[in-house]
Amino acid sequence: MSPAARPPRRTQEERRAATRQALLEAALETLVEVGVAGFTTTEVVKRAGTSQGALFKHFATKADLWTATIDHLFAALRADWAREVEAVRPEERSAHLAVDLLWRQMHDERLGAAFELYTAARTDTVLRASLEPVVRAHVASLHELSRLALPDALGDPDELAGLVDLVVLAIQGLVIDDMAAPDHRAGDRLLATIHALVDAVLESPSDA
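Residues numbered from 1 in each chain as written. Predicted model: local features only at pLDDT ≥ 70, side-chain atom pairs only at ≥ 80, totals over all residues. Heavy atoms only, no water.

Draft legend 1. Highlighting the confidence of the model for the protein. The predicted model of the protein has a mean per-residue pLDDT of 88, with 90% of residues at 70 or higher. Within the protein, the element-level pLDDT minimum falls on helix α8 (residues 161-180), averaging 88, and the maximum on helix α2 (residues 41-48), averaging 97. (pLDDT = per-residue confidence, 0-100. Helix = DSSP H or I, 4+ residues; strand = E, 2+ residues; numbered from the N terminus.)

Written out as structure tokens, the structure is:
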């Protein structure tokens, strides 16, 4: 290859960003496959093709790595959500679209890693303090994204904040329960109930 045909060398910042991305993807893969109990930084750097030294330059502690990994996952899920909603014409968007998107995303196997970390944070105060702002920001983003899926004619979507919370937490609870005792019938019942509840809320007079 002639010198003129060589691709430009990456800057130090670009190399650093690429290393961080590789570490986060490797950490997420590891969490999904072996869980918190089997998670090791040795496995992460092996998958990422880097070194322990490089890992700890980016993440000082395992809690920092886990939190950044979940934040990375949440950002990817939100981007997927936005793309799916924007592919639907505004006049065809509905609260039911938001429910179906939430349902599908909550059943993404990668979220199992996040829920497992939620449980680990119950007795790990350092992890809990690290995760809390990330989880709160993600929940706030879910509210914003749900509003994006609603038609403009619906009215003031802020009034539906409680409904969004209920739907998110109901689906999340089902997914966590399914980790121990999968029951497709319960899932079918819950989804039907959520859609019926959405209809009931939207059909109720706003001043009732």
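Draft legend 2. Spatial organisation of empty space enclosed by the protein. Enumeration over the complete set of coordinates arrives at two cavities of 30 Å³ or more. Lining the largest cavity, in full, are A95, A98, V99, L102, S146, L150, L160, L163, V164, V167 and V198. Only α5 (95-106) and α8 provide two or more residues apiece to the lining of the largest cavity. Sorting elements by how many residues they give to the lining of the largest cavity places α5 first, with four residues. For the lining of the largest cavity, the per-class residue count stands at 10 nonpolar, one polar and no charged. (1 Å grid on protein atoms, 1.4 Å probe; cavity = no way out; pocket = protein on both sides within 12 Å on 5 of 7 lines; lining within 4 Å. Points joined across faces, edges and corners; volume = space filled by probe spheres on them. Nonpolar A, V, L, I, M, F, W, Y, C, P; charged D, E, K, R; others polar.)

Draft legend 3. Spatial organisation of the environment of R128. Locating R128 in the fold gives a position in helix α7 (residues 125-148). Given the relative accessible area of 37%, R128 is considered partly exposed. Along the backbone, R128 and T67 are 61 residues apart, and their C-alpha atoms lie at a distance of 9.4 Å. For R128, the residues in contact, after removing those within four places along its chain, are A121 and R122. (Buried < 20%, exposed > 50% of the residue type's maximum accessible area, 1.4 Å probe, protein only. Contact = heavy atoms within 4.5 Å.)

Draft legend 4. Highlighting the packing of aromatic side chains. According to the stated counting rule, one finds two aromatic pairs in the structure shown. Ring centres of F39 and W66 lie 5.5 Å apart, and the angle between their planes is 70°; this geometry places the pair in the edge-to-face category. You can see F39 sitting in the loop between α1 (12-38) and α2 and its partner W66 sitting in helix α4 (residues 62-86), a full 27 residues away along the chain. Grouping residues by exposure puts F39 and W66 together as buried. Ring geometry for F115 against Y118: centres 5.7 Å apart, planes inclined by 65°, an arrangement best described as edge-to-face. (Phe/Tyr/Trp six-rings, centres within 6.5 Å; stacked < 30°, edge-to-face > 60°.)

Draft legend 5. Main features of the environment of A113. For A113, the location among the structural elements is in helix α6 (residues 111-120). Once the C-alpha coordinates of A113 and V34 are considered, the two residues, 79 residues apart in sequence, prove to be 9.3 Å apart. Setting aside residues no more than four positions away along its own chain, A113 makes contact with L31, V32 and I70.

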